[in-house]
Amino acid sequence: MTETVLLVGGGGREHAIARALADDCSLYACASNRNPGIRRLADGFETVEETDADAITAFAVEIGADLAVIGPESALEAGVADALDDAGVYAFGPRESEARLETDKAYQRRFMREADVPGCPDFEVFDDMGAACAYIDEYDGDLAVKPAGLTGGKGVKVIGDQVTAGEAKAYLRDADYDRVVLEERLVGEEFTIQAFVADGEFRATPAVQDHKRAYEGDEGPNTGGMGSYSDTGSSLPFMQPGDYEAALDVLDAVVGALPDYKGVLYGQFMLTAEGPKVVEFNARFGDPEAMNTLPVLETPFIDVLTAARDDEPLPALEFSGEATVCKYAVPDGYPVDPDSGAKIAVDEESVGDALLYYASVDEREDGLYTTTSRSFAVVGLGDSIATAEAEADTALSAAGDRVRVRHDIGTPELLEERVEHMAELRE
């Protein structure tokens, strides 16, 4: 019997999910924007806010959905998984209480401490910004300043990297945050691992390195992610044997402490001289990391979803063994002052063998328009990161005008910098 699956969300991550599912099910989708890539793959598309749990559930019931996959964190925070589950539609995504692992950074750190999850940095939580500023003055070392709630990957300020201590205190005084987490600055190389979780077990995907900074050379403000890469195996060039497995131990501890968790568990790690430490957890696929892992997943993703729903063991995951490089095209001015509402043209024919993923764009009768976030991504695949990078960069001729790209992601020069950085830290 063909499964009917509802996909919630309209970004690049959701386009990757749609492409991984469309051939194996009857796919429907709903989102606040009309993503042309998702719309073409779906049997039906509904325009609805991703946080409107009642409207999403009504659409799921209307189409007779057997399963739902929730893409964005905003939907998880709004209890969309709860509403779908309660209506008899299995949602592959954590309920609101478990999604706090991402949506509440104060809860996340306290959970790690109480559950004895390895890799937790020193931290303190403040609801008094004056006390937080005093802690910055007293702390012996640099700190990361993190609003407790969701900020779309753009709210964190790191002393000694992005801001001075004085600038961090000014940020706290000027921002309207109820709570903040101040934690030790982790120095090393970041990587992420996404795992499929259900019934107290998980299956992990290859490690990916995301690039948050807006400009080439890792300069500029943080973004939702300008691009990412993965290697032909589970590890990355700057990692040593055992680093990937140490990160899996962290995910295993989280799953063991949250037996009701289901969906994607995304661990963002900093590989330090002492091994992996946890930067944060997300309760859904990464964006762009979903575009690195799903194209090389040879196990049908629908089999993961049905096993989770039916309380069966999750299937072992098979991957193609290809390296991937993802590069995003973003509106001019992103992330500080993005050129929203600009009409853009994407030459799909010029992408060649690369994969094109539409993200935060809105398809209207007269064409394609930017929103305030990232517009679209291209993903190159190959037998090495260098091959995949060359394919992705060639495909970026599709980008056209009024968008900007970080061309350095996945290049041999940038990879060598990462390898040398970790070698220096280990020495």
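Anything mentioned here points back to the structure above.
What comes next is a walk through the structure. (Residues numbered from 1 in each chain as written. Predicted model: local features only at pLDDT ≥ 70, side-chain atom pairs only at ≥ 80, totals over all residues. Heavy atoms only, no water.)

Close contact between helix α6 (residues 96-103) and helix α7 (residues 105-114) brings their axes to 6 Å; oriented N to C, the two are set at 95 degrees. Taken together, the axis directions place α6 and α7 in an arrangement best described as roughly perpendicular. Here R100, L101, E102 and T103 of α6 lie close against α7, whose contacting residues are K105, Y107, Q108 and F111. Within the contact of α6 with α7, the residues separate by chemical class into three nonpolar, two polar and three charged. (Axes fitted to C-alpha atoms, helices over the stretch in contact; angles between N-to-C directions. Helix = DSSP H or I, 4+ residues; strand = E, 2+ residues; numbered from the N terminus. Parallel < 35°, antiparallel > 145°, perpendicular 65-115°, else oblique. Contact = heavy atoms within 4.5 Å. Nonpolar A, V, L, I, M, F, W, Y, C, P; charged D, E, K, R; others polar.)

Taken in spatial order, the five strands make up an open sheet running β3-β2-β1-β4-β5, and their pairing is parallel. The open sheet has two free edges, formed respectively by β3 (44-47) and β5 (90-92), since each of these has just one partner strand. Adjacent strand axes in the sheet meet at a mean angle of 20 degrees, parallel and antiparallel pairs treated alike. Together, β1 (4-8), β2 (26-31) and β4 (67-70) form the strand contacts of helix α1 (residues 12-21), whose direction differs from that of β1 by roughly 170 degrees. (Pairing = 2+ DSSP bridges.)

As a further point, take the sheet that holds strand β19 (residues 343-344). Judged by pairing direction, the sheet is antiparallel, and its three strands sit side by side in the order β19-β22-β21 without closing on themselves. One side of each edge strand has no neighbouring strand; the edge strands of this open sheet are β19 and β21 (361-364). Strand direction decides the pairing type here: β21 and strand β22 (residues 367-370), joined by four bridges, are antiparallel. Bridging across to β22, R364 finds its partner in G367.

For an α-helix the count is 3.6 residues per turn, leaving residues at separations of three or four pointing the same way. Here α7 lies mainly inside the structure; seven of its ten residues are buried. Taken residue by residue, α7 has K105, A106, Y107, Q108, R109, F111 and M112 as its buried positions. Residues of α7 that are buried sit in contact with α6, β6 (123-126), β7 (143-147), β9 (180-184), α10 (243-257) and β17 (275-282). Residue D104 occupies the N-cap position of α7, its side-chain oxygen lying 3.0 Å from the main-chain nitrogen of A106. Directly after α7, the chain includes D116, whose backbone phi takes a positive value near 55 degrees. (Buried < 20%, exposed > 50% of the residue type's maximum accessible area, 1.4 Å probe, protein only. Polar contact = N/O pair within 3.5 Å; in protein donor to acceptor, adjacent residues only side chain to side chain.)

A few words on the pattern of salt bridges. Tallied over the entire structure, the rule returns 32 salt bridges. The residue E73 makes a salt bridge to R13 at a minimum N-O spacing of 3.8 Å. Of this pair, E73 sits in helix α4 (residues 73-77) while R13 sits in helix α1, and the two are 60 residues apart along the sequence. Look at R13 and you get buried, because its relative accessible area is 7%. Between R284 and E102 there is a salt bridge, with its nearest N and O atoms 2.7 Å apart. In this pair, R284 sits in the loop between β17 and α11 (290-293) while E102 sits in helix α6, placing the two residues 182 residues apart along the sequence. For the pair formed by R284 and E102, the shared burial category is buried. Salt bridges linked by common partners bring R13, E14, E73, E102 and R284 together as one network. (Salt bridge = Lys/Arg side-chain N within 4 Å of Asp/Glu carboxyl O.)

So, about the packing of aromatic side chains. If you walk through the whole model with that rule in mind, you get eleven aromatic pairs. Geometrically, the ring pair formed by Y107 and F111 is stacked, given 6.1 Å between the ring centres and 20 degrees between the ring planes. Of the two residues, Y107 and F111 both sit in helix α7, four residues apart, roughly one turn of that helix. In this structure, Y107 and F111 share a single accessibility class: buried. A network of ring pairs unites the aromatic residues F92, F196, F285 and F301 as a single cluster. Directly above the aromatic system of Y357 lies the positively charged group of R19, at a separation of 4.6 Å from the ring centroid. One Lys or Arg, K262, reaches over the ring of Y90 and ends 5.3 Å from the middle of that ring. (Phe/Tyr/Trp six-rings, centres within 6.5 Å; stacked < 30°, edge-to-face > 60°. Lys NZ or Arg CZ within 6 Å of the ring centre and 35° of its normal.)

What follows concerns α1. The buried count for α1 comes to eight of ten residues, which makes it a mostly enclosed element. When α1 is considered as a whole, its buried residues turn out to be G12, R13, E14, H15, A16, I17, A18 and L21.

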